[in-house]
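Residues per chain, in single letters:
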Amino acid sequence: MIRQLRTLQERIPLSVRQFWHRYGVFVILGVSLIGYWLGDGERYINAYLESTPKMDQYTQNRLKSSGYKFGYTLAYIVVRFVYAPEQAFPWLGLAWSLAVINYRYMLKRFVFRGNWLSRAGYGLFAFTIMAGALANAITLTTGPNGVNATIAWWLLAWFMLYGIWAYFRDINKTRRALTETGTQAELTALKAQVNPHFLFNSLNNIFGTALTEGGHRTPDGVQQLSRLIRYQLEQTQTQRVDVADELRFVDEYVQFHRQLLAREQTVSFSYDWDEQPALLPPLLLTPLIDHALQQAGDTTVTGTLSVRQQRLHLQLTYPANSPNPDSEAIENVRQRLRFLYPDQHTLNQQVVNRVATAELHIDLTS
Amino acid sequence: MLTCIAIDDEPIALDVVRFHANKVPFLDLKQTFVNAVEALAYLRDNPVDLVFTDINMPDITGLDVARLLPPGESKRQTMFIFTTAYAEHAVKGFELNAVDYLVKPIDFGRFLQAANRANDRYDAETRQAAGQAPDTRKIPQTTLFVKDGYDYVRIDLAELLFVESEGNYLMFYEGDKKVVTRMTIAEGLSQLPASHFMRVHKSYIVNLKHIDKIERHQVLVGDKLPIPLSPGYRDELLARFKQ
């Protein structure tokens, strides 16, 4: 279910998702404020409060104790929602967007990543606001104003809760990043086991034997294979590679497969690069291309790969021979993309009339 | 003519070097060695111009060979082309008197490029020894071998008029001959001497010696069709001729 939702989410155009990621919280804030001022909720609530019997001194004193006040305010918020449901969105929206803004632009910047001075500054700022709210709460204990003041305390509690939650969410993200590097470490260990000297010396021996025997295709094939393996061994040690290197690799990879399949006519691939420097994570595209090539029976696989103005676009069209076109390898690509370009990519796969298309867009700026 | 030897602990790797060297007219491969110590002893008595050596060998490494080689009677230093299975030693190799650095399996195109480089350096040093100024007018590299299918085709750079790119292929127009190879235009440009070749358009490189006329939006090369000239390259092209 979540997977389907995510796939659905990845279909929304990149620009829209990026905009929402950055400015969505301000949109919610704005709409909430407008809703709050336009809404006529106060009228209902004032009417309700006036309809309730006046409090005696005892109740008023009880109301001054903070524990009681918290409970009273909570009840008040619930009542507000019941009596003025049209105010629910502005309230929730305000609470959420203010918490996000507080976390994203203040807590994170001044407390988690700041120095002691900035932390003290934030503390002073928070204290001033809360002290103001507190003073308000003491002088106006009863009636809607007093209650509104107490709501500030509820907001504080909510901001803190949200801050703690967001903090752990971010830590989790970092941990996932570490897992990714962990996988990288495993890969490195695996590479160390396949001693590259042994591997390439062996390949060179096969190459030499084939060469002296007078063949054409074998030395050529060994040469190509060596280049492919070498690239995979060397480039995966870095996080990002030059787009020119990756394009050459993809081209050679497709060439090699084409020869392997011995169906020269069935694979057609074209490239387009504006020759502006750009960086890519290595070997990100090959699982997708590999998958397309594997599906190729006697029908054509076409692919276009373009990198223009820091935007990568890969389109693959291939026969959908297996009932489920989503393989484990592609799921891995999805996960890698989610991790590397969280809100900067779209990957769509569709099957229409037994023809599968995969389309990947990545915004490479970062 | 460059005299050379090859050192590698794997006999078949030596076969590869011998196979390639036999195809290069200016290389004279004297002998090959499986044992680097024997090779050092040989070099003491028979100095050569160029040594192909593997880096990773059991007793002493190829880098040691370069280091241990005593300076010969002649003032000329022996040039080295290092070969290796895996590229960890690249940086170290270039610190020494290395002309080039080849990874195995060595394909002929790359081998030839390295050999040409050694030949150029040899020529430059000969000129310097004779007290002559380096010749800038001459095309330093006279031929280029490009891969056409499984074969390498020789292209005479003096005769090469222009290069056109289409998709993943490059077309070399040499006189009436046309050679098609799988290469990007950036790769093609890097293999041509910058002193005589210049890019004038997204998909064209021309030989400056063969330009007959520069018009506003095109250049005329030989008696072929006019070649489009991008505004971005126009100023640079004109500047090249003003020098």
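Note that the structure is a prediction, hence the values are computed from the model and not measured.

Basis of the calculations
Residues numbered from 1 in each chain as written. Chains lettered and ligands numbered in written order. Predicted model: local features only at pLDDT ≥ 70, side-chain atom pairs only at ≥ 80, totals over all residues. Helix = DSSP H or I, 4+ residues; strand = E, 2+ residues; numbered from the N terminus. Buried ≥ 20, exposed ≤ 12 C-beta atoms within 10 Å, placed from the backbone. Contact = placed C-beta atoms within 7 Å. Core = buried A, V, L, I, M, F, W, Y, C linked by C-beta atoms within 7 Å. Nonpolar A, V, L, I, M, F, W, Y, C, P; charged D, E, K, R; others polar. Pairing = 2+ DSSP bridges. Axes fitted to C-alpha atoms, helices over the stretch in contact; angles between N-to-C directions. UniProt positions renumbered as here; feature names shortened; annotations may be inferred. Expected span 1.5 Å × (residues − 1). Arc of directions from axis to C-beta. Parallel < 35°, antiparallel > 145°, perpendicular 65-115°, else oblique. Left-handed = near helix turned anticlockwise from the far one by under 90°. pLDDT = per-residue confidence, 0-100.

**Student:** Looking at this model, I keep getting lost on the overall build of chain B. Mind explaining?
**Tutor:** Secondary structure summary: chain B contains seven helices and 15 strands in total. Residues counted as buried form 34% of the 243 residues belonging to chain B. In chain B, of all internal contacts separated by at least 6 residues, the share reaching a separation of at least 24 is 52%.

**Student:** Got a minute to help me understand the environment of Glu-215 of chain B in this structure?
**Tutor:** Among the structural elements, Glu-215 of chain B can be located in the loop between strand S13 (211-214) and strand S14 (218-221). Judged by the 9 C-beta atoms lying within 10 Å of it, Glu-215 of chain B is exposed.

**Student:** How do you make sense of the nonpolar core when you look at a structure like this?
**Tutor:** Across soluble globular proteins, nonpolar side chains show a tendency to be buried alongside one another. Membership of the largest hydrophobic core comes to 36 residues, with the highest contact counts inside it found for Ile-7 and Ile-81 of chain B. The dominant element in this core, judged by the number of residues it contributes, is helix H5 (residues 108-129) of chain B, at five residues. The contact partners of Ile-81 of chain B, leaving out residues within four places of it in the chain, are Leu-50, Phe-52, Val-99, Asp-100, Leu-102, Ala-114 and Ala-118 of chain B. In terms of nonpolar packing, the next biggest core, distinct from the first, is built from 26 residues, Leu-247, Leu-280, Leu-305 and Leu-360 of chain A among them.

**Student:** Please explain the interface of chain A and chain B as it appears in this structure.
**Tutor:** Think of interface size as the accessible area that goes away when the parts come together; that is how it is often given. On the chain B side, the residues contacting the 24 residues of chain A number 18 residues. Secondary structure elements with two or more residues in the side of chain A that touches chain B: helix H9 (196-212), helix H10 (217-235), helix H11 (243-261) and strand S2 (267-273) of chain A. With twelve residues, the top contributor of residues to the side of chain A that touches chain B is H9 of chain A. In terms of residue class, the side of chain A that touches chain B is made up of eight nonpolar, eleven polar and five charged.

**Student:** What should I look at first to understand the sheet that holds S2 of chain A in this one?
**Tutor:** Sheets are built from strands that pair by backbone hydrogen bonding, the pairs being arranged parallel or antiparallel. Residues and elements named next belong to chain A. The strand order S2-S4-S5-S7-S6 describes an open sheet built from five strands, whose pairing is mixed. Every other strand in the sheet has two partners, leaving S2 and strand S6 (345-352) as the edge strands with one partner each. Pairs of neighbouring strands in the sheet enclose a mean axial angle of 5°, with direction left out of account. Alignment of S2 against strand S4 (residues 301-308), held across seven bridges, turns out to be parallel. When the sheet's bridge partners are listed, Phe-269 is paired in S4 with Gly-303. Against the sheet, helix H12 (residues 286-295) engages S2, S4, strand S5 (311-319) and strand S7 (355-363), with an angle of about 15° to S5.

**Student:** How do you make sense of the UniProt feature "modified residue: 4-aspartylphosphate" (unreviewed entry) in chain B when you look at a structure like this?
**Tutor:** Residues and elements named next belong to chain B. In this numbering, the UniProt entry assigns the feature "modified residue: 4-aspartylphosphate" (unreviewed entry) to Asp-54. Considering the arrangement of structural elements, one finds Asp-54 in strand S3 (residues 50-54). The class of Asp-54 is buried, set by 25 C-beta atoms lying within 10 Å. Ignoring anything within four residues of it in the chain, the contact list for Asp-54 reads Ile-7, Asp-8, Asp-9, Ala-13, Gly-62, Thr-83 and Thr-84.

**Student:** What is the right way to read H9 of chain A from this model?
**Tutor:** Each α-helix winds once per 3.6 residues, and so residues spaced three or four apart point in a common direction. The terminal C-alpha atoms of H9 of chain A, which comprises 17 residues, lie 24 Å apart, in line with the 24 Å expected from a rise of 1.5 Å per residue. Among the residues making up H9 of chain A, those that are buried are Phe-200, Asn-201, Asn-204, Phe-207, Gly-208 and Leu-211 of chain A. Each buried residue of H9 of chain A lies within a common arc of 120° when the element is viewed along its axis, so the set occupies one face. The inward-facing, buried residues of H9 of chain A abut H10 of chain A together with helix H1 (11-23) of chain B. Just downstream of H9 of chain A, Gly-214 of chain A is the residue with a positive phi angle, here 90°.

**Student:** So what exactly am I meant to see when it comes to the packing of H9 of chain A against H1 of chain B here?
**Tutor:** Two numbers describe how H9 of chain A lies on H1 of chain B: the axes approach to 8 Å, and their chain directions differ by 50°. Classed by the angle they form, the pair H9 of chain A and H1 of chain B counts as oblique. For H9 of chain A against H1 of chain B, the interelement crossing comes out left-handed. Where H9 of chain A approaches H1 of chain B, its residues Asn-204, Asn-205, Phe-207, Gly-208, Thr-209, Leu-211 and Thr-212 of chain A are matched on the opposing element by Ile-12, Ala-13, Asp-15, Val-16 and Phe-19 of chain B.

**Student:** What exactly am I supposed to notice about the confidence of the model for chain B here?
**Tutor:** Predicted coordinates in areas of low pLDDT are best not read in detail. All names here are of chain B. For chain B, per-residue confidence averages 83 on the pLDDT scale, and residues scoring 70 or more make up 88% of the total. Here helix H4 (residues 90-95) is the element of chain B with the lowest mean pLDDT, 54, and strand S1 (residues 2-7) is the one with the highest, 93. Across the interface, the model reports ipTM at 0.73; the global pTM reads 0.64.

**Student:** Sorry if this is basic, but what is going on with unusual backbone geometry here?
**Tutor:** Among all residues except glycine, the phi angle is most often negative; among peptide bonds, the trans geometry is most common. Note the cis peptide between Lys-104 of chain B and Pro-105 of chain B, where omega equals -10°. Within the element layout of this structure, Pro-105 of chain B appears in the loop between strand S5 (98-103) and H5. For Gln-310 of chain A, which is not glycine, the phi dihedral falls at a positive 65°. In this fold, Gln-310 of chain A is placed in the loop between S4 and S5. What makes Gln-310 of chain A partly exposed here is the crowd of 16 C-beta atoms within 10 Å. If you check the backbone angles, Arg-354 of chain A has positive phi at about 60° while not being a glycine. Within the secondary structure, Arg-354 of chain A is located in the loop between S6 and S7.

**Student:** How should the UniProt feature "transmembrane region" (unreviewed entry) in chain A be read in this particular structure?
**Tutor:** Residues annotated by UniProt as "transmembrane region" (unreviewed entry) correspond here to residues 20-39, 88-107, 119-139 and 151-168 of chain A. Across residues 88-107 of chain A, helical content stands at 100% and strand content at 0%; the span's end C-alpha atoms are separated by 26 Å.

**Student:** Whenever I open this one, the pairing of S14 of chain B confuses me. Can you help?
**Tutor:** Remark: a regular strand shows side chains that alternate across the two faces of the sheet. Residues and elements named next belong to chain B. Judged by which residues are buried, S14 turns out to be one-sided: Val-219 and Val-221 face inward and are buried, whereas Gln-218 and Leu-220, on the alternate face, are not. Across three bridges, the pairing between S13 and S14 is antiparallel. Directly across from Ile-214, in S14, lies its bridge partner Val-219. In textbook terms, the turn of a hairpin is the stretch between consecutive antiparallel strands, and for S13 and S14 this stretch comprises three residues. Looking at chain direction, S14 and strand S15 (residues 227-228) are connected through two bridges and run antiparallel. Bridge pairing links Gln-218 to Pro-228 in S15.

**Student:** Sorry if this is basic, but what is going on with the confidence of the model for chain A here?
**Tutor:** Here chain A averages 78 in pLDDT, while 75% of its residues score no lower than 70. Taken as a whole, residues 140-146 of chain A scores under 50 in pLDDT and shows 15 contacts with residues more than four places along the chain or in a different chain.

**Student:** So what exactly am I meant to see when it comes to the packing of helix H2 (residues 14-38) of chain A against helix H6 (residues 88-112) of chain A here?
**Tutor:** In a packed pair of helices, the relevant descriptors are the angle between the two axes and the axis-to-axis distance. Residues and elements named next belong to chain A. Where H2 meets H6, the axes come as close as 8 Å, and the angle between the chain directions of the two elements is 145°. As H2 runs across H6, the sense of the crossing is left-handed. On H6, the residues that touch Val-25, Ile-28, Leu-29, Val-31, Ser-32, Gly-35 and Tyr-36 of H2 are Phe-89, Pro-90, Gly-93, Leu-94, Trp-96, Ser-97, Val-100 and Ile-101. Taken together, the residues of the contact of H2 with H6 sort by class into eleven nonpolar, four polar and no charged.

**Student:** Even after reading the chapter, I still don't get the sheet that holds S13 of chain B, so can you show me in this structure?
**Tutor:** Read across the open sheet, the three strands follow the order S13-S14-S15 (chain B); overall the sheet is antiparallel. Both outer strands of the open sheet, S13 and S15 of chain B, are each paired with one neighbouring strand and no more.

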